[in-house]
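Inside the fold
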Amino acid sequence: MLDAVKAVLFDLDGTLIDSAPDLGAAADKMRLDRGMPSLPHALYRPMAGAGARGMLQVAFGIAPQDPAFESMREEFFANYERCMTHNTYAFDGVSALLHTLEQRGLPWGVVTNKSERFTRPLTQAMPIFAKAAVVVSGDTTPHAKPHPAPLLEAANRLGVDPRHCIYVGDDERDIIAGHAAGMRTVAATYGYLGSQLDTAAWHADAEIKSPIALLQLLPSA
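Reference entry: report on the structure contained in this document. Note that the structure is a prediction, hence the values are computed from the model and not measured.

Things to note about the sheet that holds strand β4 (residues 108-111)
Ordered by their spatial adjacency, 6 strands build an open sheet running β5-β4-β1-β6-β7-β8, and the pairing between neighbours is parallel. Each end of this open sheet is capped by a strand with a single partner; those strands are β5 (134-136) and β8 (206-208). For this sheet, the mean inter-axis angle between neighbouring strands, taken without regard to orientation, is 20°. Relative to strand β6 (residues 165-169), strand β1 (residues 7-10) runs parallel, the two sharing 4 bridges. What sits directly across from leucine 9, in β6, is tyrosine 167. The strands that helix α5 (residues 94-103) touches are β1 and β4; relative to β1, the one it contacts most, it runs at about 155°. Sheet strands in contact with helix α8 (residues 172-180) are β6 and β7 (184-188), and its direction is about 170° off that of β7.

A short note on the packing of helix α3 (residues 51-60) against helix α4 (residues 69-83)
Viewed as axis vectors pointing N to C, α3 and α4 meet at an angle of 105°, and their least axial separation amounts to 10 Å. It follows from the interaxial angle that α3 and α4 lie roughly perpendicular. For the pair α3 and α4, the contacting residues are Ala52, Arg53, Met55, Leu56 and Phe60 in the first and Phe69, Met72, Arg73, Phe76 and Phe77 in the second. Of the residues that constitute the contact of α3 with α4, the class distribution is 8 nonpolar, no polar and 2 charged.

Focus on helix α7 (residues 149-158)
Those residues of α7 lying buried are Ala149, Pro150, Leu151, Ala154, Ala155 and Leu158. Lining the buried residues of α7 we find β1, β4, β5, β6 and α8. Just downstream of α7, glycine 159 is the residue with a positive phi angle, here 70°.

Some thoughts on the side chain of threonine 119
As for its placement among the helices and strands, threonine 119 is situated in helix α6 (residues 116-125). Residue contacts for threonine 119: discarding those within four places in its chain leaves Thr112, Lys114, Val135 and Ser137.

Topic: the environment of alanine 59
Looking at the secondary structure, you find alanine 59 in helix α3. Once the C-alpha coordinates of alanine 59 and phenylalanine 69 are considered, the two residues, 10 residues apart in sequence, prove to be 12 Å apart. Apart from the residues within four sequence positions on either side, alanine 59 is in contact with Ala27, Arg31, Met36, Leu39 and Tyr44.

Things to note about unusual backbone geometry
The linkage connecting lysine 145 with the following residue, proline 146, adopts the cis geometry, with an omega of 20°. One non-glycine residue, histidine 203, lies in the positive phi region at around 65°. Structurally, histidine 203 is set in the loop between β7 and β8.

So, the side chain of aspartate 170
Relative to the helices and strands, aspartate 170 resides in the loop between β6 and α8. Although aspartate 170 lies buried, it forms no salt bridge, and the closest oppositely charged side chain, lysine 145, sits 7.0 Å away as judged by the N-O distance.

Some remarks on the packing of aromatic side chains
Here a ring pair, both rings aromatic, is described through the centre-centre distance and the interplanar angle of the planes. Following the criterion strictly, the structure yields 7 aromatic pairs and no others. With centroids separated by 5.2 Å and ring planes inclined at 50°, the aromatic side chains of phenylalanine 77 and phenylalanine 118 adopt a geometry described as tilted. Of this pair, phenylalanine 77 sits in helix α4 while phenylalanine 118 sits in helix α6, and the two are 41 residues apart along the sequence. Phenylalanine 77 gets classed as buried once you look at its relative accessible area, which sits at 18%. When the ring of phenylalanine 91 is compared with that of tyrosine 190, the centres are 5.4 Å apart and the planes differ by 75°; the resulting orientation is edge-to-face. Note that phenylalanine 91 is positioned in the loop between β3 (89-90) and α5 and tyrosine 190 in the loop between β7 and β8, a separation of 99 residues in sequence. Residue phenylalanine 91 shares its accessibility class with tyrosine 190, and that shared class is buried. Aromatic rings pair up to connect Phe76, Phe77, Tyr80 and Phe118 into one cluster.

Rules of the game
- Along each chain, the written sequence defines residue order, and numbers are assigned to residues from 1.
- Under the rules for a predicted model, residues below a pLDDT of 70 receive no local features and side-chain atom pairs below 80 are neither given nor counted, while totals for whole chains, interfaces and linings still include all residues.
- Heavy atoms from the whole structure form the basis of all side-chain values; hydrogens and water molecules are not counted.
- Strand pairing is assigned whenever DSSP detects at least two bridges linking the two strands.
- Per the convention used, a helix needs a DSSP run of H or I reaching at least four residues, while a strand needs a run of E reaching at least two, with both numbered from the N terminus.
- Here an angle of 0 to 180 degrees is reported between the N-to-C directions of two axes, which are lines fitted to C-alpha atoms, with helices fitted over the stretch in contact.
- When checking whether two residues touch, look at their non-hydrogen atoms; a contact exists if any pair is within 4.5 Å.
- With respect to orientation, any angle under 35 degrees is reported as roughly parallel, any angle over 145 as roughly antiparallel, any angle of 65 to 115 as roughly perpendicular, and every other angle as oblique.
- Residue type decides the class: Asp, Glu, Lys and Arg count as charged, Ala, Val, Leu, Ile, Met, Phe, Trp, Tyr, Cys and Pro as nonpolar, and the leftover types, Gly among them, as polar.
- Remark: exposure states derive from per-residue accessible area (1.4 Å probe, protein chains only) relative to the maximum for the residue type, with buried under 20%, exposed over 50%, and partly exposed in between.
- A positive count includes Lys and Arg, and a negative count includes Asp and Glu. His and the chain ends are not counted in either.
- Criterion for a salt bridge: a side-chain nitrogen of Lys or Arg within 4 Å of a carboxyl oxygen of Asp or Glu.
- Two aromatic rings, drawn from Phe, Tyr or Trp (for Trp, its six-membered ring), form a pair once their centres lie within 6.5 Å of each other, and the interplanar angle then sorts them: stacked below 30 degrees, edge-to-face above 60, tilted otherwise.

Take it as geometry only, folks, not as evidence of what the structure does.
See the structure below:
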């Protein structure tokens, strides 16, 4: 059990919500617009946590150093902006988890590498985020995860010592950032990357195989 917890912070994509269908669709539209065949969703899903970089790598095999990357990334962003709430849903158990945290008087929030351009409309469109105490995006601070700055910003806004926060995420960057911020960390192995990697090598303080399992690690009141 993780004791002395006064706030719970979560990564967004792959931890609270499954946005892989819309991310994949935004990249696949680029292929279709170029007369290329559609790719199976299963190819996009494992790379969803890497955002535009991951989606463009799957769709076109290009990397950030490619000369065409910047323009293609903006095209991807425009596509995603139009479809990002079409098939994005909270993972099973997330709503019950957040409701229970609220009942226990534990404030919760989101720290994501997604830019505010997408974070704000997405969280505003999904009712489960109505009671989030804080939402920190990838461009809220000068640094994104795995730098601890976004997590420290969230703790500061909550008025909670980072040592009394836990951070839950499905990517090794989340665990690195959490440790660097002085928080306890929980690896969400149901996310995009967890099931395919040796998550024990991340050295998180705990692992969960479903969102609701987090409650077993927290004080009951």
